[in-house]
Amino acid sequence: MTDGEVPAPFSLDVPDDVRRMRDWVHQFARDVIRPAAAEWDEREEMPWPVLEEAAKIGLYSLDFFATQWFEPSGLGTPVAFEEIFWGDAGIGLALTGSCLAAIAVSSNGTAEQIGEWLPQMFGGPGDLRLGAFCSSEAGAGSDVGAIRTRAVYSEATDEWVLNGTKAWATNGGIADVHVVVASVAPEHGSRGQATFIIPPGTRGLSQGQKVRKHGVRASHTAEVILDDVRVPGRCLVGGKERLDARLARLAEGGRAGEQAAMKTFEASRPTVAAMAVGVARAAFEVARDYAVQREQFGRPVGRNQAIAFMLADMQASIDAARLLTWRAAWMARQGRTFAGAEGSVSKLVAGETAVRVTEQAIQILGGNGYTREYPVERMHRDAKIFTIFEGTSEIQRMIIGRAVTGLEVR
Ligand SMILES: Cc1cc2nc3c(=O)[nH]c(=O)nc-3n(C[C@H](O)[C@H](O)[C@H](O)COP(=O)(O)OP(=O)(O)OC[C@H]3O[C@@H](n4cnc5c(N)ncnc54)[C@H](O)[C@@H]3O)c2cc1C
């Protein structure tokens, strides 16, 4: 919350401007994203023409995402992301992938860094730009403390030199700005890590293997190789003074300091939960409409309790996931800490809901649900990512387990 701002009371009344924004995003999702979804899933390529259309109307823009992020009720981002991912998750991730890099810089960076680099992660119509957040490595997925990418400071040139290989980076190698988590003091594990901005065109950064995936195939995922990448001192997110102070406290035996990657994931969890809610809702709607019109034994299949009850459970769990998501987003906007791991609760419930609901949707569509003629098989493949990235479901349970027991659950 910024100075002088009055905290918004918790309310389930979606503010008028958020409602208008939702309808506007929904229209784009319905008219542009959805019709393109199957094609880009098959092509397994970045849907540049869709990004261009989104940029033209101001949807793919720093201004749009920043406005929603700072929207006072906290509902701007979850409402927008639910609609985008209702359209399609693969294209949705292509449209929002830059946000994780933007969150990494805005949650830890200085005002100068935010002002300089965030616009370069989005660009504008005719000049699209991307950001990529690179934390994971082949040997460091859930175990962020195992990151081996090293950043070494050269006092003489005021430069950081980075070496390592990042795995699974959304927009990795094709982004204009890469935001990279590296170890600066390996003896301190994850607390000895820092985040670096790699400016466009920096020598030594290249794309490694592009990943062929089960779902969200319109989103680009790849390895990023850092081979003697040199960046100026001002590219250390948060600045050297803050890092030195943190390392000094650690050297004195204090527990000071945040895990750089963790802080980013913490802030983005309700946002990822909202993506999952969007996919679940999309699959539910297809299944509901199908159950009403498909007849077997001389009546709509939805007349069978077995099907109607499945739809009832789907609807109830989507509602529950959305409410948990909105609670976490509201708390985050009010600057409250997730003392009860509310961010993880939202991500866990929404991710698991999306997988279950999309699977139930396939069941309701029968054989048609299993084919590429209907969208629910794609939605099911897409939904699975929400139990894996930004902290797997097991990792969310670990965080929630720690919060509820106060024990060092591992
Ligand atoms: C499409 C896609 C996009 C991605 N985008 C990005 C990105 O932009 N930036 C980025 O940095 N990363 C990204 N990732 C990486 C993602 O965050 C990791 O895949 C995720 O954190 C899991 O790590 P892992 O794959 O190494 O699995 P592992 O950590 O090897 O886990 C394997 C299994 O063991 C379980 N497990 C691990 N530790 C424990 C434990 N302590 N207790 C119980 N169970 C445990 C896990 O839950 C999982 O089931 C992306 C991944 C994918 C697939």
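Each residue is numbered by its place in its chain's sequence as written, counting from 1. Local features in a predicted model are, by the rule used here, given only for residues with pLDDT of at least 70; side-chain atom pairs are given and counted only at 80 or more, and totals for whole chains, interfaces and linings are based on all residues. Hydrogens are left out, water is left out, and the side-chain values use all remaining heavy atoms of the structure.

Student: For this particular structure, what's the right way to read the overall build of the protein chain?
Tutor: Counting its secondary structure elements, the protein chain contains 12 helices and 11 strands. Computation of the radius of gyration draws on C-alpha atoms alone. For the globule rule, the value is 2.2 Å times the number of residues to the power 0.38. Expected size for 410 residues packed as a compact globule is a radius of gyration near 22 Å; at 22 Å, the protein chain falls within 12% of this value. By its C-alpha atoms, the protein chain is 80 × 45 × 40 Å across when sized along the principal axes. Burial classes follow relative accessibility: with a 1.4 Å probe on protein chains only, a residue under 20% of its type's maximum area counts as buried, one over 50% as exposed, and anything between as partly exposed. Out of the 410 residues belonging to the protein chain, those deemed buried represent 53%. When checking whether two residues touch, look at their non-hydrogen atoms; a contact exists if any pair is within 4.5 Å. Expressed as a percentage of contacts within the protein chain between residues at least 6 apart in sequence, the contacts between residues at least 24 apart total 74%. Put simply, DSSP marks the helices as runs of H or I at least four residues long and the strands as runs of E at least two long, and each gets a number from the N terminus on.

Student: Explain the side chain of Glu 377 to me, please; I cannot follow it from the model alone.
Tutor: Tracing the sequence through the fold places Glu 377 in helix H11 (residues 376-383). Aside from chain neighbours lying at most four places away, what touches Glu 377 is Ile 362, Gly 369, Tyr 370, Thr 371 and Arg 372.

Student: Hey, could you run me through the site of the ligand in this one?
Tutor: Residue proximity to a molecule or strand is established when one non-hydrogen atom of the residue lies within 4 Å of it. The immediate surroundings of the ligand are formed by 18 residues, with Phe 133, Ser 136, Ser 142, Thr 392 and Glu 394 found nearest. One of the side-chain N or O atoms of Ser 142 is found 2.6 Å from an oxygen atom in the ligand. Pairs of N or O atoms within 3.5 Å make up the polar contacts considered here, provided that, within protein, one atom can donate a hydrogen while the other can accept it, and that residues adjacent in sequence are counted only when both atoms are side-chain atoms. The side chain of Thr 170 places a nitrogen or oxygen atom 2.9 Å from a nitrogen atom of the ligand. Per-residue and other accessible areas were derived by the Shrake-Rupley procedure at a 1.4 Å probe size, with only the shown protein chains allowed to occlude residues. Bound to the protein, the ligand loses 68% of the 970 Å² it would expose on its own. Put simply, the parts of the chain that give the shell around the ligand at least two residues each are strand E3 (131-134), strand E5 (159-170) and helix H12 (393-405). With three residues, the top contributor of residues to the shell around the ligand is E5. Partitioning the shell around the ligand into residue classes produces eight nonpolar, seven polar and three charged. Ten residue types, Ala, Val, Leu, Ile, Met, Phe, Trp, Tyr, Cys and Pro, are classed as nonpolar, four, Asp, Glu, Lys and Arg, as charged, and the remainder, Gly among them, as polar.

Student: Sorry if this is basic, but what is going on with the environment of Gly 204 here?
Tutor: By the element assignment, Gly 204 lies in the loop between strand E7 (193-198) and strand E8 (205-210). For Gly 204, a relative accessible area of 31% corresponds to the partly exposed category. C-alpha separation for the pair Gly 204 and Phe 81, spaced 123 residues apart in sequence, amounts to 34 Å. Every residue in contact with Gly 204, bar those within four places of it in the chain, is listed here: Ile 225, Leu 226, Asp 227 and Val 229.

Student: When you look at helix H3 (residues 62-69) in this model, what are you seeing that I'm missing?
Tutor: Counting along an α-helix, one turn takes 3.6 residues, and residues three or four places apart therefore face a common direction. Listed in full, the buried residues belonging to H3 are Phe 64, Phe 65 and Gln 68. Within H3, the buried residues cover an arc of 90 degrees as seen down the axis, which keeps them to one side. Buried residues belonging to H3 abut helix H1 (16-43), helix H4 (76-87) and helix H5 (89-108). The arc in question is the one spanned by the directions pointing from the helix axis to the C-beta atoms.

Student: I tried to follow the packing of aromatic side chains on my own but got confused; where do I start?
Tutor: Ring pairs (aromatic) are described by centroid distance and by the angle formed between their planes. Aromatic rings from Phe, Tyr and Trp, taking only the six-membered ring of Trp, are treated as a pair when their centres fall within 6.5 Å; an angle between ring planes under 30 degrees marks them as stacked, one over 60 as edge-to-face, and anything in between as tilted. Enumeration over the complete set of coordinates arrives at 11 aromatic pairs. Ring centres of Trp 24 and Phe 64 lie 5.7 Å apart, and the angle between their planes is 55 degrees; this geometry places the pair in the tilted category. Here Trp 24, found in helix H1, pairs with Phe 64, found in helix H3; they are 40 residues apart in sequence, far enough to count as distant. Feature note: the residues Trp 24, Tyr 60, Phe 64, Phe 65, Phe 81, Phe 85, Phe 122, Phe 386 and Phe 389 constitute an aromatic cluster, connected by ring pairs. When the ring centre of Trp 86 is taken as origin, the NZ or CZ atom of Arg 34, which lies over that ring, is 3.7 Å away. We call a charge positioned above a ring when the Lys NZ or Arg CZ atom is no farther than 6 Å from the ring centre and deviates by at most 35 degrees from the ring normal. Directly above the aromatic system of Tyr 153 lies the positively charged group of Lys 240, at a separation of 4.6 Å from the ring centroid.

Student: Is there a simple way to think about the environment of Ile 114 in this case?
Tutor: You can see Ile 114 is positioned in helix H6 (residues 111-117). Along the sequence, Ile 114 and Gly 124 sit 10 residues apart, while their C-alpha atoms lie 17 Å from each other. Those residues in contact with Ile 114 that sit more than four places away from it in its chain are Val 105, Ser 106, Gly 109 and Pro 119.

Student: Sorry if this is basic, but what is going on with the state of the cysteines here?
Tutor: What makes a disulfide is a covalent bond joining the sulfur atoms belonging to two cysteines. Cysteine sulfurs are considered disulfide-paired once they come within 2.5 Å of each other. What the rule picks out here adds up to zero disulfides. This cysteine, Cys 99, is not joined by any disulfide, and Cys 134 carries the nearest cysteine sulfur, 15 Å off. Exposure remark for Cys 99: the relative accessible area of 9% places this residue in the buried category. With no disulfide partner, Cys 235 has as its closest neighbouring cysteine sulfur the one in Cys 134, 14 Å distant.

Student: Would you take a moment to explain the packing of helix H10 (residues 342-369) against H12 for this structure?
Tutor: The packing of two helices is summarised by the inter-axis angle and the distance between the axes. Two elements in contact, H10 and H12, have axes separated by 9 Å at closest approach and are oriented at 145 degrees. Crossing of H10 over H12 shows left-handed handedness. Between H10, through Ser 344, Val 345, Lys 347, Leu 348 and Glu 352, and H12, the contact on the second element is made entirely by Ser 393, Gln 396, Arg 397, Ile 399 and Ile 400. Residues of the contact of H10 with H12, tallied by class, amount to four nonpolar, three polar and three charged. Structural elements are reduced to axes, namely lines fitted to C-alpha atoms, with helices fitted over the stretch in contact, and the angle between N-to-C directions of any two is expressed from 0 to 180 degrees. Helix crossings fall into two classes, left-handed where the near helix is turned counterclockwise from the far one by less than a right angle and right-handed where it is turned clockwise.

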